[in-house]
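Inside the fold
Spelled out from the first residue to the last, the chains are:
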Amino acid sequence: MTVLAALNGYYDRLADRGEVPPFGYSTERIAHIIVLSPEGETVEILPWQSLSGKKAEPRPTAVPQSFKRPGTTPRSFFLWDNGKFVLGLGVDKVTRQRVAHPANHAAFQELHRRLLAGTEDAGLAALLRFLDGWSADRFDACGFTDAMLDQNFMFMLDGDRNDRGEPRFLHDRPAARRIWERAVAEGAGGEGICLVTGTRQPIARLHPAIKGVMDAQSSGASIVSFNNDAFTSYGKEQGLNAPVSEAAAFGYGAALNALLARGSGNRLVIGDATTVFWADASGGEESAQRAEVLFHDLLSPPPAEDADEAQAIRNALLPVSQGRPVREIAPELDERTRFYVLGLSPNIARLSVRFWLEDSFAAIAERVGRHWEDLRIDPAPWRTAPAVWMLLRETAPLGKTENIAPQLAGEVMRAILTGGRYPRSLLAAVITRMRAGDPVNGVKAAICRACLNRDSRLGTKKTEEIPVSLNRDEANPAYRLGRLFAVLEGAQRAALGDVNASIRDRYFGAASATPASVFPMLLRNSNHHLAVLRKGDKPRLGGWFEGEIGQILGGLDSGFPRSLRIEDQGRFAIGYYHQRYSGKAAASTDRPGATEQTVSED
Amino acid sequence: MAYGVKLHVWGDRACFTRPEMKVERVSYDVMTPSAARGILEAIHWKPAIRWAIDAIEVLKPIRFQSIRRNEVGSRVPTAAVRKAMKAGAVEDLRMVAEENRQQRAATLLVDVAYVIHAHFELTERAGPGDSEAKHLSMFNRRAASGQCFQQPCLGVREFPANFALLEDGAAPVSELPLDQRDRDLGWMLLDIDHANDMTSLFFRAALRDGVMAVPPLNSVEVRS
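No experiment lies behind these values; they were computed from the predicted model shown. (Residues numbered from 1 in each chain as written. Chains lettered and ligands numbered in written order. Predicted model: local features only at pLDDT ≥ 70, side-chain atom pairs only at ≥ 80, totals over all residues. Heavy atoms only, no water.)

**With respect to the overall build of chain A**
A tally of regular secondary structure across chain A gives 20 helices and 16 strands. Rg of the C-alpha trace for chain A: 32 Å, well past the compact-globule value of 25 Å for 602 residues, more than 25% over. For chain A, the spread of C-alpha atoms along the principal axes amounts to about 100 × 55 × 50 Å. A burial count over chain A gives 54% of its 602 residues as buried. Of all intrachain contacts in chain A linking residues separated by at least 6 positions in sequence, the fraction that spans at least 24 positions is 67%. For chain A, the distance from the average position of its 72 positive side-chain charges to the average position of its 72 negative side-chain charges is 7 Å. (Helix = DSSP H or I, 4+ residues; strand = E, 2+ residues; numbered from the N terminus. Rg over C-alpha atoms; globule rule 2.2 N^0.38 Å. Buried < 20%, exposed > 50% of the residue type's maximum accessible area, 1.4 Å probe, protein only. Contact = heavy atoms within 4.5 Å. Lys, Arg positive; Asp, Glu negative; His and termini not counted. Charge placed at Lys NZ, Arg CZ, Asp CG, Glu CD.)

As structure tokens, then:
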């Protein structure tokens, strides 16, 4: 199925749950209700706030649909809008002074006088009387304050309640709904085939704005848009280039906005890719929701507060990493549930689809398990399984999310979810970080191992799998050199204690790329370190280092290679990590591997 | 299909852009019929014949990759071309890509291979010298020797297509994995009806055992 068709299907699921507005309506953040008397007098201004968050915020409410307002001619929304339109007043951003916006107010008046002409509905007539009687000098007398002006207003007839006893707003009155339905139908363009549903319907010229993608414009960005003539074909204009019916465009937009909404459990921000995912309801609504929660945990395991909790999470997700079928993790889950994953990244006012995946949930869970299996390394650098953003952070200078290379997040996600190769840039980025002096920690070593393992499994040149934990018999020269480097560093630390620049700080990059130019010198210097140990109070430790160096050099058949390829630099890092943090050495004081699970992802 | 041809095409990358995502391009999963027709026409086409695609067989796993490319945001307007034709001077007909450059993302297919099953029909512009046998042998001769009018491409010009004529019975082995052999591909662009106000024609595409059947232009399955 295509992206838009699948989203449109998800809209039906949301509509069944009553979580999305119907066609022609959208959910907007409304801050105030203007309560009108039947004569059009302002009775009072009621705040309309959601109390779920920490502080009171404008409350999301289904109102007649908003649209993008480009250009200079103001266009008003129906039966709601901000202060500039409703009252003709705004607050200047710089001077904080109240300013009149006569053109906006005129647009509001014009729209409502036109659509509401001849209405017999008491509420709508009250609005018309309000517009006739309104002037800016009544502002304070009616109870408005400057702080309200930037926010959205809607209207209500005094004392109007629906059958559940909740306030009924003007746009919820049946007469208003009928007028709005007619207005929406008239606004539609010509008929054509809809490439989402395949039926002949009015075609949407402009597509809905999608809000909530990280780094995109806050007013929303579009997936489907044709704002330059290079994008159009065969003389077609705007939406006719990609005929999608008004209803389908509304449906996919509402569904995507619901997925991207703040607090939606169906959204993950990983690098520059905002990822949304959902299941279809073929296995029942409950099964679908369970699958969505599980997927979120798989890609971003919840941070553990304490050891018990970490153990519980690990136990819950363990079967996945062992490649066991989904029914062992979540027996109530229908394995055939279709699952959809969509990765979006902004490009100014447009969204680009970074990856799109549709598969059974069981298959996706299995691939995530394989991803974890490829990452497995001893000693384990994480308490629960690693979240994807945590891996990507290791590729970024200064460990900052905004420094992650563009495209990389999307490609890594695609590799995880499809079971394909990791992008080559992932290995290169991790190695670049290590050579630039970032600590060689378990996460980086695990990424190296995962990249190499997957390449050898999927590639044409089958090589041995990289060991999970220290393998003293491994013959690969790069791996052995990595171990040797760790031993030499250990000898230096044992002999001299903490120094300003250890051999790792100085030579890691050179040693992993051009061993022949560095190792002979390092070995010469290590003689000095070993001599200090032998003559000092740790002769046995000196002997142990000497034995280890001998064991490693004994397995190197042909001297030091002049240079190592990037894959071998990865093996070097793994060998270094294994040797440095395994066994005895693991008991040493610093374990940089135990990564902080404190940073949350969004 | 007495005049059927089978052409094996392959390439490192392909982008059969979906109309709804053609700015930040996203490719269809499978080559579109109009892209297949373009490849055949690059090898042999005359006003006397019209190519019709019967089926497209997918030989390689469907794999995506996203890259960024430099594209331009505008194009030379038709009016400017007309003016230049009238004046007989082309100095103003230029576009400097550097001044117009935009970086855009594209999610495209990597390592693709298809077999195009197609036939052609003679059009009303066929003269007395045009016979089906003549054009068939012209196509076969040109395709077998690798001749083409312009380099055939996989959706966009940047991704050239290699091609080889498949003689009777010869068929390359399909590497399409089992779980990708049957899938619904949604509504796909079939072609543009140039005679009818350049209407887009769509059909419901699906892979059945690795083969996408393409309905004829005038069939009831085609919607416009």
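**A few points about the interface of chain A and chain B**
Listed as interface residues are 37 residues of chain A and, on the opposing side, 36 residues of chain B. Summed over both partners, the interface of chain A with chain B buries about 3,100 Å², with 53% contributed by carbon and sulfur atoms. Among the residues chain A hides against chain B, the three largest losses belong to Ile193(A), Leu195(A) and Tyr234(A). Together they make up 19% of the total. The tally of links from chain A across to chain B stands at one salt bridge. Residue assignment for the side of chain A that touches chain B shows that the elements contributing at least two residues are helix H1 (3-17), strand E16 (350-360) and helix H12 (408-418) of chain A. Per-element accounting of the side of chain A that touches chain B gives the leading share, five residues, to E16(A). (Buried area = accessible area lost by both parts, 1.4 Å probe. Salt bridge = Lys/Arg side-chain N within 4 Å of Asp/Glu carboxyl O.)

**What about the sheet that holds strand E5 (residues 57-64) of chain A?**
Residues and elements named next belong to chain A. As summarised here, the arrangement of the three strands in space is E1-E5-E4, forming an open sheet in which the pairing is antiparallel. Of all the strands in the sheet, just strand E1 (25-30) and strand E4 (49-50) have a single pairing partner and so form its edges. Of the pairings in the sheet, the one linking E1 to E5 comprises six bridges and is antiparallel in character. Counterpart to Tyr 25 in the pairing with E5 is Pro 64. (Pairing = 2+ DSSP bridges.)

**Notes on the environment of Cys153(B)**
All names here are of chain B. Tracing the backbone shows Cys 153 in the loop between helix H3 (132-144) and strand E6 (162-165). Between the alpha carbons of Cys 153 and Leu 217 there is a distance of 23 Å; along the sequence they are 64 residues apart. Apart from the residues lying within four places of it in its own chain, the contact partners of Cys 153 are Ile 39, Phe 159, Pro 160 and Ala 161.

**Observations regarding the packing of helix H7 (residues 285-299) of chain A against helix H10 (residues 361-375) of chain A**
All names here are of chain A. For the pair H7 and H10, interaxial distance at closest approach is 11 Å and the crossing angle is 15°. For the element pair H7 / H10, the angle class is roughly parallel. Seen from above, H7 lies across H10 with left-handed handedness. Residues Ala 291, Leu 294, Phe 295, Leu 298 and Leu 299 of H7 pack against Phe 361, Ile 364, Ala 365, Val 368 and Trp 372 of H10. Here the contact of H7 with H10 is built from residues that sort into ten nonpolar, no polar and no charged. (Axes fitted to C-alpha atoms, helices over the stretch in contact; angles between N-to-C directions. Parallel < 35°, antiparallel > 145°, perpendicular 65-115°, else oblique. Left-handed = near helix turned anticlockwise from the far one by under 90°. Nonpolar A, V, L, I, M, F, W, Y, C, P; charged D, E, K, R; others polar.)

**Overview of H12(A)**
Among the eleven residues in H12(A), ten count as buried, and that is most of the element. Just downstream of H12(A), Gly419(A) is the residue with a positive phi angle, here 75°.

**Topic: the pattern of salt bridges**
Residues and elements named next belong to chain A. Per the stated rule, a full pass over the model turns up 53 salt bridges over all chains. Glu 292 is the partner of Arg 13 in a salt bridge, and the nearest nitrogen-oxygen pair spans 2.9 Å. One end of the pair, Arg 13, is in helix H1; the other, Glu 292, is in helix H7, and 279 residues separate them in sequence. For the pair Arg 13 and Glu 292, a shared accessibility class is recorded, and that class is buried. Between Arg 205 and Glu 237 there is a salt bridge, and its shortest N-O distance comes to 4.0 Å. Pair noted here: Arg 205 is in the loop between strand E12 (200-202) and helix H6 (246-260) and Glu 237 is in the loop between E12 and H6, with a separation of 32 residues, a long-range link. Residue Glu 237 is classed as partly exposed on the basis of its relative accessible area, which comes to 48%. Residues joined in a network through salt bridges with shared partners are Arg 421, Arg 424, Asp 455, Arg 565, Glu 567, Asp 568 and Arg 571.

**Concerning helix H13 (residues 424-435) of chain A**
Helical periodicity: at 3.6 residues per turn, an α-helix aligns residues three or four positions apart in one direction. Residues and elements named next belong to chain A. The terminal C-alpha atoms of H13, which comprises twelve residues, lie 17 Å apart, in line with the 16 Å expected from a rise of 1.5 Å per residue. Every buried residue of H13 is listed here: Leu 426, Leu 427, Ala 429, Val 430, Ile 431, Arg 433 and Met 434. On its buried face, H13 sits against H12, helix H14 (442-458), helix H16 (503-513) and helix H19 (566-581). (Expected span 1.5 Å × (residues − 1).)

**A look at the domain arrangement of chain A**
Considered domain by domain, chain A is made up of domain 1 (31-185), domain 2 (292-336 + 360-468) and domain 3 (477-587). With centres defined by C-alpha atoms, the gap from domain 1 of chain A to domain 3 of chain A works out at 73 Å. (Domains from an automatic or database assignment.)

**Notes on the side chain of Ser225(A)**
Residue position: Ser225(A) is located in the loop between E12 and H6. Look past the residues within four positions of Ser225(A) in its chain and what remains in contact with it is Arg350(A) and Val23(B).

**A short note on the sheet that holds E16(A)**
Residue and element names in this part refer to chain A. With respect to topology, four strands assemble into an open sheet ordered E13-E14-E15-E16, the strand pairing being antiparallel. Because the sheet does not close on itself, it has two edges, and the strands there are strand E13 (267-270) and E16. Averaged over all pairs of adjacent strands, the angle between strand axes in this sheet comes to 20°, irrespective of strand direction. In this sheet, E16 lies alongside strand E15 (residues 338-347) in antiparallel orientation, the contact comprising ten bridges. Of the residues in E16, the one forming a bridge with Pro 346 is Leu 351. Here H1 sits on the sheet in contact with strand E14 (273-279), E15 and E16, set at roughly 55° to E14. Packed on one face of the sheet, H6 meets E13, E14 and E15 and runs near 110° to E14.

**Considering the packing of aromatic side chains**
All names here are of chain A. According to the stated counting rule, one finds 33 aromatic pairs over all chains in the structure shown. Ring centres of Tyr 577 and Tyr 581 lie 5.1 Å apart, and the angle between their planes is 45°; on these two criteria the pair is classed as tilted. Remark: Tyr 581 and Tyr 577 occur in helix H19; sequence separation between them is four residues, near one turn of the helix. Residues Tyr 577 and Tyr 581 agree in their burial class; the two are buried. In this structure, Arg 59 packs its charged tip against the face of Trp 48, placed 3.9 Å from the ring centre. (Phe/Tyr/Trp six-rings, centres within 6.5 Å; stacked < 30°, edge-to-face > 60°. Lys NZ or Arg CZ within 6 Å of the ring centre and 35° of its normal.)

**Side note on a nonpolar patch on the surface**
A cluster of nonpolar side chains, Val76(B), Val81(B), Met85(B) and Met95(B), forms an exposed patch at the surface whose accessible area comes to about 340 Å². Turning to its location among the elements, Val81(B) is positioned in helix H2 (residues 78-87). (Patch = residues over 30% accessible without salt bridge, like charges linked within 9 Å, V, L, I, M, F, W, Y side chains within 5 Å. Areas by Shrake-Rupley, 256 points an atom, 1.4 Å probe, with all protein chains shown as cover.)

**Observations regarding the pairing of E13(A)**
All names here are of chain A. The alternating pattern of E13 places Arg 267 and Val 269 and Leu 268 and Ile 270 on opposite faces, both of which are buried. One ladder, built from four bridges, connects E13 with E14; its direction is antiparallel. Of the residues in E14, the one forming a bridge with Arg 267 is Val 276.

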